[in-house]
Amino acid sequence: MIEFETKNVEMPELDFDKVCRWLGEIASMHDRHIGNLNYLFCDDEEILRVNRAFLRHDYYTDIITFDYSHRNRVGGDLFISLDTVRSNAEGLKVAYETELLRVVAHGLLHLCGIDDKGPGEREVMEAHEDAALKLWSTIK
């Protein structure tokens, strides 16, 4: 089950039924099944609070993913700062919705076992994000 909630922000204007189908397809591409995914859209102050409280990091970020996956069933809590998504979209000169979808997919890709911190891993993650965004246009 996939749930979408907000804290301190308005719910983004997305076709959430389509998002759920898309996330299921992304998981399937990685031989995974969707378990319980909880996306919480928030502001920068909330993601900073979560980052400090749970990860002991003192900076803003676009997404924090807590992984509760078991075997091939992905599950987790995913906090997404819409403030950071918007500023990243502006900085990258891409549409806000495109950047938001990239971040939504990014969290799921982490749950599928794709990392982005080690040598060469960022490029692997970006390739998977690009594939997920390409898949978006095929979802009905």
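Read on for a plain summary of the structure. (Residues numbered from 1 in each chain as written. Predicted model: local features only at pLDDT ≥ 70, side-chain atom pairs only at ≥ 80, totals over all residues. Heavy atoms only, no water.)

Quick word on the nonpolar core
Counting residues in hydrophobic clusters, the biggest one holds 33 residues, and the most contacted among them are Trp22, Tyr39, Phe41 and Ile80. Counting only elements with at least two residues in this core, the list comes to strand 1 (2–7), helix 1 (16–29), strand 2 (33–42), strand 4 (73–81), helix 3 (82–92), helix 4 (96–111) and helix 5 (121–136). Excluding residues that lie within four positions of it along the chain, Trp22 makes contacts with Leu101, Val104, Ala105, Ala132, Leu133, Leu135, Trp136 and Ile139. Counting residues in each nonpolar core, the second largest holds 7 residues, with Leu40, Ile47, Ile64 and Phe66 among its members. (Core = buried A, V, L, I, M, F, W, Y, C linked by side-chain atoms within 4.5 Å. Buried < 20%, exposed > 50% of the residue type's maximum accessible area, 1.4 Å probe, protein only. Helix = DSSP H or I, 4+ residues; strand = E, 2+ residues; numbered from the N terminus. Contact = heavy atoms within 4.5 Å.)

A short note on the environment of Glu45
Turning to its location among the elements, Glu45 is positioned in helix 2 (residues 44–55). Separated by 15 residues in the primary sequence, Glu45 and Tyr60 have C-alpha atoms spaced 8.0 Å apart.

Describing the sheet that holds strand 1
If you walk across this open sheet you meet the 4 strands as 1-2-4-3, and the pairing is mixed. Two strands in the sheet have a free side with no partner beyond their single neighbour: strand 1 and strand 3 (63–67). Within the sheet, the average angular offset between the axes of one strand and its neighbour, ignoring direction, is 15°. Of the strand pairs in this sheet, strand 3 and strand 4 are connected by 5 bridges, and their pairing is antiparallel. Looking at the pairing, Asp67 lines up with Gly76 of strand 4. (Pairing = 2+ DSSP bridges. Axes fitted to C-alpha atoms, helices over the stretch in contact; angles between N-to-C directions.)

Considerations on helix 2
Spanning 12 residues, helix 2 covers 15 Å between terminal C-alpha atoms, matching the ideal 16 Å at 1.5 Å per step. Listing the buried residues of helix 2 in full gives Asp44, Glu46, Ile47, Leu48, Val50 and Asn51. Those residues of helix 2 that are buried lie in contact with strand 1, strand 2, strand 3, strand 4 and helix 3. (Expected span 1.5 Å × (residues − 1).)

Points about the environment of Ala132
Within the element layout of this structure, Ala132 appears in helix 5. For the pair Ala132 and Phe4, spaced 128 residues apart in sequence, the C-alpha separation works out to 19 Å.

Observations regarding helix 3
Buried residues of helix 3: Leu82, Thr84, Val85 and Ala89, and no others. The buried side chains of helix 3 occupy one side of the element, clustering within an arc of 155° when seen end-on. Residues Glu90 and Gly91 are exposed on helix 3 and point more than 90 degrees away from its buried face. In this structure, the buried side of helix 3 is in contact with strand 2, helix 2, strand 4 and helix 4. Two residues or fewer past helix 3, Lys93 is found with a positive phi of approximately 60°. (Arc of directions from axis to C-beta.)

Side note on the packing of helix 1 against helix 5
At a minimum axis distance of 10 Å, the contact between helix 1 and helix 5 shows a crossing angle of 135°. One way to sum up the angle between helix 1 and helix 5 is to call them oblique. Of the two possible hands of crossing, helix 1 and helix 5 adopt the one that is right-handed. Counted together, Lys18, Val19, Trp22, Glu25, Ile26 and Met29 of helix 1 and Ala131, Ala132, Leu133, Leu135 and Trp136 of helix 5 form the full contact between these two elements. (Parallel < 35°, antiparallel > 145°, perpendicular 65-115°, else oblique. Left-handed = near helix turned anticlockwise from the far one by under 90°.)

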